[in-house]
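# Descriptive analysis of the structure
Listed below, chain by chain, are the residues.
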Amino acid sequence: RQRNGIFLLLTLIVLLQCVYFFIDNDLDTANIENELALNAEALHLFEVEIDSLRKIKAEASTPKIHPFNPNFITDYKGYILGMTNKEIDRLHHFRKQNKWVNSAKMFQQVTKISDSLLAILSPNFKFPEWVKSPKRNHTSNPIKKENSTLPLERKIDLNKATVFQLKKVNGIGDKLSQRIIAYRNSQNGFISEIELQEIYGLSQEVIAAVKKQFTVKSPRDVKKISLNTATRDELVKIKYIDYDIAYNIIEARTLRAGYNSLDDLRKVKDFPIKKIEIIKLYLQLN
């Protein structure tokens, strides 16, 4: 009886251990499955967030197209717009003949861009006012008239030109003409036509067109500084020259025993070469 009792007790212990083992395994399996489900959901949410951030970054890196005159598309601008080199070259060749694109349809005929690209670009085309509202009564071609070079005596003084006169130049509308007048007023007049480069929005082509019709006949008085004797404090009063550049100008002047030409400034360290023509307006050698 004692042995039977012991065997029965051992049997019950083994059975209880087996039951505990299987129940514990089932609980562990359930916990693991729950954790996997939670991790999968968290991973999915993370992937969704990553995708949204990538989309935002892609939209931010996509260049935005602002209204522009298609007659003045540069190589870089054309590349940004999605045009091929051949399409850009066709436009430049057309413009070299003193011809102007006056509509989206004409732009496509000249460049031969696809209909899909034209549909993207054409809403941003901005043509001059004379294209939008052409004058009815005119006997001559306004394009040829505005692009012809006048003799010096017939050119209009840029310091006396009105908004209406400036708007006759191809590529200049209300905003650009007002900017030219505003710059002129802020400087108390132009010294030279070179200062047109300082006006935001005026491309080299438009500046060249302005010079055909206008010139500075009454430049404002400017006290020029001697490049070979100017002090650093005098040099920093000139636009685009700070103390570091003034120091470099004087140091180079000392090393070369004076400047022989204003163009020698091109060799000065950190000199703003792109603005040299503006800076030269305020300098002289002696």
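It should be noted that the structure appears before, not after, this text.
Residues numbered from 1 in each chain as written. Predicted model: local features only at pLDDT ≥ 70, side-chain atom pairs only at ≥ 80, totals over all residues. Heavy atoms only, no water.

## Looking at a nonpolar patch on the surface
The condition that has to hold: Any residue with relative accessible area above 30% and no salt bridge may belong to a patch, with like charges joined within 9 Å and the nonpolar Val, Leu, Ile, Met, Phe, Trp and Tyr side chains within 5 Å. Surface accessibility follows the Shrake-Rupley procedure with a 1.4 Å probe radius. Residue values consider only the protein chains on display as shielding. Note on definitions: salt bridges are taken to be side-chain nitrogens of Lys or Arg within 4 Å of carboxyl oxygens of Asp or Glu. Counting from the N terminus, the helices are the DSSP runs of H or I reaching at least four residues and the strands are the DSSP runs of E reaching at least two.
A cluster of nonpolar residues, I6, F7, L9, L10 and I13, forms a patch on the protein surface that exposes about 490 Å² of accessible area. Within the secondary structure, I13 is located in helix α1 (residues 2–61).

## Points about the nonpolar core
This is how the line gets drawn: To define a nonpolar core, start from buried Ala, Val, Leu, Ile, Met, Phe, Trp, Tyr and Cys residues and group those joined through side-chain atoms within 4.5 Å. Think of it in three bands: residues with accessible area under 20% of the maximum for their type are buried, residues over 50% are exposed, and the middle band is partly exposed, with areas taken using a 1.4 Å probe on protein chains only. Residues are treated as being in contact if the distance between any of their heavy atoms lies within 4.5 Å.
Among the nonpolar cores identified, the biggest contains 23 residues, and L235, I238, I241, I249, L265, F271 and L283 are the most heavily contacted of them. Elements that contribute at least two residues to this core include exactly α12 (243–255) and α13 (276–279). Per-element tally for this core: the top contributor is α12, with four residues. With near-sequence residues (within four places) excluded, I249 lies in contact with L227, L235, I241, Y259, L265, V268 and F271.

## Let's talk about the environment of L202
With respect to the helices, strands and loops of the structure, L202 is situated in the loop between α9 (174–186) and α10 (204–213). When its relative accessible area of 10% is taken as the criterion, L202 is described as buried. Sequence-distant contacts of L202, that is, excluding residues within four places in its chain, are made with I172, L176, I180, L196 and I207.

## Focus: the environment of T11
Worth spelling out the cut-off: We call two N or O atoms a polar contact when they sit within 3.5 Å, provided that within protein one can donate a hydrogen and the other can accept it, with sequence-adjacent residues counted only if both atoms are side-chain atoms.
Here T11 lies in helix α1. A polar atom in the side chain of T11 sits 2.7 Å from the backbone oxygen of F7.

## Observations concerning the packing of aromatic side chains
How two aromatic rings sit relative to each other is given by the distance of their centres and the angle of their planes. What counts here: Any two rings among Phe, Tyr and Trp, with Trp reduced to its six-membered ring, count as a pair given centres within 6.5 Å; such a pair is stacked if its planes are under 30 degrees apart, edge-to-face if over 60, and tilted if neither.
In this structure the tally under the stated criterion is four aromatic pairs. Consider the rings of F68 and F125, whose centres lie 5.6 Å apart with planes at 85°: the pair is edge-to-face. Here F125 lies in the loop between α5 (115–121) and α6 (129–132) and F68 lies in the loop between α1 and α2 (75–81), a separation of 57 residues in the sequence. A centroid spacing of 5.7 Å and a plane angle of 35° characterise the contact between Y183 and F190, whose relative ring orientation is tilted.

## Quick notes on α10
As a reminder of what qualifies: The arc in question is the one spanned by the directions pointing from the helix axis to the C-beta atoms.
Listed in full, the buried residues belonging to α10 are V206, I207, A209, V210 and Q213. Projection of α10 onto a plane perpendicular to its axis shows the buried side chains occupying an angular sector of 160°, all on one side.

## Thoughts on the packing of helix α3 (residues 85–96) against helix α4 (residues 104–111)
Using the following cut-off: Convention adopted: a line fitted to C-alpha atoms gives each axis, helices being fitted over their contacting stretch, and angles between N-to-C directions are expressed from 0 to 180 degrees. When an angle is under 35 degrees it counts as roughly parallel; over 145 it counts as roughly antiparallel; between 65 and 115 it counts as roughly perpendicular; any other value is oblique. Residues are grouped as follows: Ala, Val, Leu, Ile, Met, Phe, Trp, Tyr, Cys and Pro are nonpolar; Asp, Glu, Lys and Arg are charged; all remaining types, including Gly, are polar.
Across the interface, α3 lies against α4 with an axial gap of 8 Å and an inter-helix angle of 110°. Relative to α4, the element α3 is oriented roughly perpendicular. Residues E87, R90, L91 and F94 of α3 touch α4, and the partners they reach there are M106, F107, V110 and T111. For the contact of α3 with α4, the class distribution of residues is five nonpolar, one polar and two charged.

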